Amino acid sequence: MVIMATETKSLQTTAEWVARNLPSETIIDVEGLNFYYGRERILHDISLSISGKGVTAIMGPSGCGKSTFLRTLNRMYELTPGARAEGRISFLGEDLFRIDSVALRREIGMVFQQPNPFPKSIYENIAYGPRVHGIRRRSQLNEIVEESLRRAALWDEVKDSLRKSAFSISGGQQQRLCIARALAVRPQVLLMDEPSSSLDPKASAQIEATARELSEELAVVIVTHNLQQAARVSDYVAVFMTGGELVEDGPTKKVFEQPEDPRVQDYLEGRFG
């Protein structure tokens, strides 16, 4: 059955979810996901559970569907004509495809490969999302801006420059600003699509440290082609292979040291990909 987002429902609150005693260790559950662009199938029968805390790294060779998979988790693919999904994804026990897309993307934020700040001030980049969701009081916005920048490890660097353009800071700072912007609406999941691939080693290390710190309070899902980064930053890994197959997933240490699938062993040892 093709899943269509023709019918939506409001996302239930975390309190309601907990009251129904759903397993707190899983926040997103994917079952039998197939994904298509037109007639071309990009993902093949993906099943994966994502923990409510910690970092899950999605890794694999180029072109294996990592970024496409990430975009199914907050339905960003709906912006692409001809894209469709089949299967089931649940978020907090609810059918992800029936949740209002605005509500869903508030709960599941995303940071892209290239920093993409708005052409506004640093302050207005962070305040934009809360304003969209109805927050107008200046004192409350000020608190959200500071809290979000602190959580993204950027406050000390920009606190005296909040009225300056977001384009006036470095690329690494812009990426952390984008993280802060996503955090401003207090999501429960943060998706990161190769967030440090265009950054220098120092800026990459800052992004990794930020992801690790954030993972103590929310779920972080990061797509990376960098095996060393996946080993450093993640608690769990999911390995995709060419053709859009998920061939192995589990705790990072186990998959890296004792992979069960020989294709994963070959990939980790650089024999392909």
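What counts, and where the lines are drawn
In every chain, residue numbers begin from 1 and rise along the written sequence. For a predicted model such as this one, the threshold for reporting local features is a pLDDT of at least 70, and the threshold for listing and counting side-chain atom pairs is 80 or more; totals across whole chains, interfaces and linings nevertheless cover every residue. For the side-chain quantities, the full set of heavy atoms in the structure was used; hydrogens and water were omitted. Pairing between strands is defined by DSSP: at least two bridges between them are needed. Secondary structure elements follow DSSP: runs of H or I no shorter than four residues count as helices, runs of E no shorter than two count as strands, and numbering proceeds from the N terminus. Interaxial angles span 0 to 180 degrees and are taken between N-to-C directions of axes, which are lines fitted to C-alpha atoms, for helices over the stretch in contact. A cavity, in this analysis, means grid points on a 1 Å lattice covering only the protein atoms where a 1.4 Å probe fits yet has no way out; a pocket is instead an open set bounded by protein on both sides within 12 Å along at least five of seven lines, and a residue lines either one if it has an atom within 4 Å of a point. Grid points are joined across faces, edges and corners, and a volume is the space filled by probe spheres set on the points. For the exposure calls, accessible area comes from a 1.4 Å probe over protein chains only, and a residue counts as buried if that area is under 20% of its type's maximum, exposed if over 50%, partly exposed in between. In protein, a polar contact requires one atom able to donate a hydrogen and another able to accept it; more generally it is a pair of N or O atoms within 3.5 Å, and residues adjacent in sequence count only if both atoms are side-chain atoms. Angle categories are assigned with fixed cut-offs, so that under 35 degrees is roughly parallel, over 145 is roughly antiparallel, 65 to 115 is roughly perpendicular, and the rest are oblique. Should the near helix be turned anticlockwise from the far one by less than a right angle, the crossing is left-handed, and should it be turned clockwise, the crossing is right-handed. In what follows, a contact means two residues having at least one pair of non-hydrogen atoms within 4.5 Å. For this classification, Asp, Glu, Lys and Arg are treated as charged, while Ala, Val, Leu, Ile, Met, Phe, Trp, Tyr, Cys and Pro are nonpolar and the rest, including Gly, are polar. Residue count minus one, scaled by 1.5 Å, sets the expected span of a helix. Directions from the helix axis toward the C-beta atoms define the arc. As a per-residue measure, pLDDT tells how confident the predictor is, with possible values from 0 to 100. Centre distance within 6.5 Å is the pairing criterion for rings of Phe, Tyr and Trp, where only the six-membered ring of Trp is used; planes under 30 degrees apart are then read as stacked, over 60 as edge-to-face, and the remainder as tilted. Two conditions define a charge located above a ring, namely a distance within 6 Å from the ring centre to NZ of Lys or CZ of Arg, and an angle within 35 degrees of the ring normal.

1. Focus on the sheet that holds strand β9 (residues 219-223)
- Taken in spatial order, the 6 strands make up an open sheet running β7-β8-β9-β4-β10-β11, and their pairing is mixed. Both edges of this open sheet fall to β7 (108-111) and β11 (245-251), since each of them pairs with a single strand only. Ignoring strand direction, the axes of neighbouring strands in this sheet form an average angle of 15°.
- Inspection of the sheet shows strand β10 (residues 236-241) paired to β11 by 6 bridges, in the antiparallel sense.

2. Details of the layout of surface pockets
- In this model, the largest pocket occupies a volume close to 600 Å³.
- Lining the largest pocket are 20 residues, and of these Arg105, Met110, Phe118, Arg181 and Val185 lie nearest its centre.
- Looking at the lining of the largest pocket element by element, the count peaks at 4 residues for β7.

3. Details of unusual backbone geometry
- At Leu92, a residue that is not glycine, the phi angle is positive and equals roughly 55°.
- Judged by relative accessible area, Leu92 falls into the buried class, the value being 2%.
- Even without a glycine there, the phi angle at Arg186 is positive, about 55°.
- On the secondary structure map, Arg186 appears in the loop between α7 (171-183) and β8 (189-193).

4. What to know about the side chain of Gln188
- Within the secondary structure, Gln188 is located in the loop between α7 and β8.
- Of note is the side chain of Gln188, whose polar atom sits 2.8 Å from the side chain of Glu107.

5. Notes on the packing of α7 against helix α8 (residues 201-214)
- Between α7 and α8, the least distance of the axes is 9 Å, while the angle of their chain directions is 20°. Overall, the two elements α7 and α8 adopt an arrangement that is roughly parallel. Crossing geometry of α7 relative to α8 is assigned as right-handed. When α7 is examined against α8, the residues Gly172, Gln175, Arg176, Ile179 and Leu183 are found in contact with a partner set consisting of Ala203, Gln206, Ile207, Thr210 and Leu214.
- Taken together, the residues that form the contact of α7 with α8 break down as 5 nonpolar, 4 polar and 1 charged.

6. Quick notes on the pairing of strand β5 (residues 83-91)
- In terms of strand pairing, strand β2 (residues 26-37) meets β5 through 8 bridges, oriented antiparallel. In the sheet register, Tyr36 faces β5, and the bridge partner there is Arg84.
- Relative to strand β6 (residues 94-95), β5 runs antiparallel, the two being bridged by 2 bridges. Among the inter-strand pairings, Phe91 is bridged to a residue of β6, identified as Glu94.
- Between β5 and β6, which pair antiparallel one after the other, the connecting turn spans 2 residues, and Leu92 there sits at a positive phi close to 55°.

7. Brief notes about the environment of Ser67
- Note that Ser67 resides in helix α2 (residues 66-72).
- For the pair Ser67 and Glu194, spaced 127 residues apart in sequence, the C-alpha to C-alpha distance is 8.6 Å.
- Not counting residues within four places of it along the chain, the set of residues in contact with Ser67 comprises Asp193 and Val223.
- For Ser67, the side chain forms a polar contact with the side chain of Asp193, separated by 2.8 Å.

8. Let's talk about α8
- Taking 1.5 Å of rise per residue, the 14 residues of α8 would be expected to cover 20 Å, and the 20 Å separating its terminal C-alpha atoms lies within 8% of that figure.
- Ala203, Ser204, Ile207, Glu208, Thr210, Ala211 and Leu214 are the residues of α8 that are buried. In an axial view of α8, the angular spread of the buried residues amounts to 160°, which keeps them on one side of the axis. The outward face of α8, more than 90 degrees from its buried face, is lined by the exposed residues Pro201 and Lys202.
- Buried residues along α8 sit in contact with β4 (54-59), α5 (138-151), α7, β8, β9 and α9 (227-233).

9. Focus on the confidence of the model for the protein
- Looking at the protein as a whole, its pLDDT mean stands at 90, while 90% of the residues score no less than 70.
- Within the model, the stretch residues 1-24 combines pLDDT values under 50 with 42 contacts to residues more than four positions away or in other chains.

10. Regarding the packing of aromatic side chains
- For the coordinates displayed, the defined rule picks out 4 aromatic pairs.
- For the pair Phe35 and Tyr37, a centre-to-centre distance of 5.0 Å together with 85° between the ring planes defines the contact as edge-to-face.
- Given a relative accessible area of 30%, Tyr37 falls into the partly exposed group.
- Ring centres 5.4 Å apart and planes at 50° place the aromatic pair Phe69 and Phe240 in the tilted group. With Phe69 in helix α2 and Phe240 in strand β10, this pair connects stretches of sequence that are 171 residues apart.
- Under the relative-accessibility criterion, Phe69 is labelled buried at 0%.
- One aromatic cluster in this structure is built from Phe35, Tyr37 and Tyr77.
- Here Arg163 stacks its cationic end above the ring of Tyr123, 4.2 Å away from the centre of that ring.
- The ring of Phe118 carries the charged tip of Arg181 above its face, separated from the ring centre by 4.1 Å.

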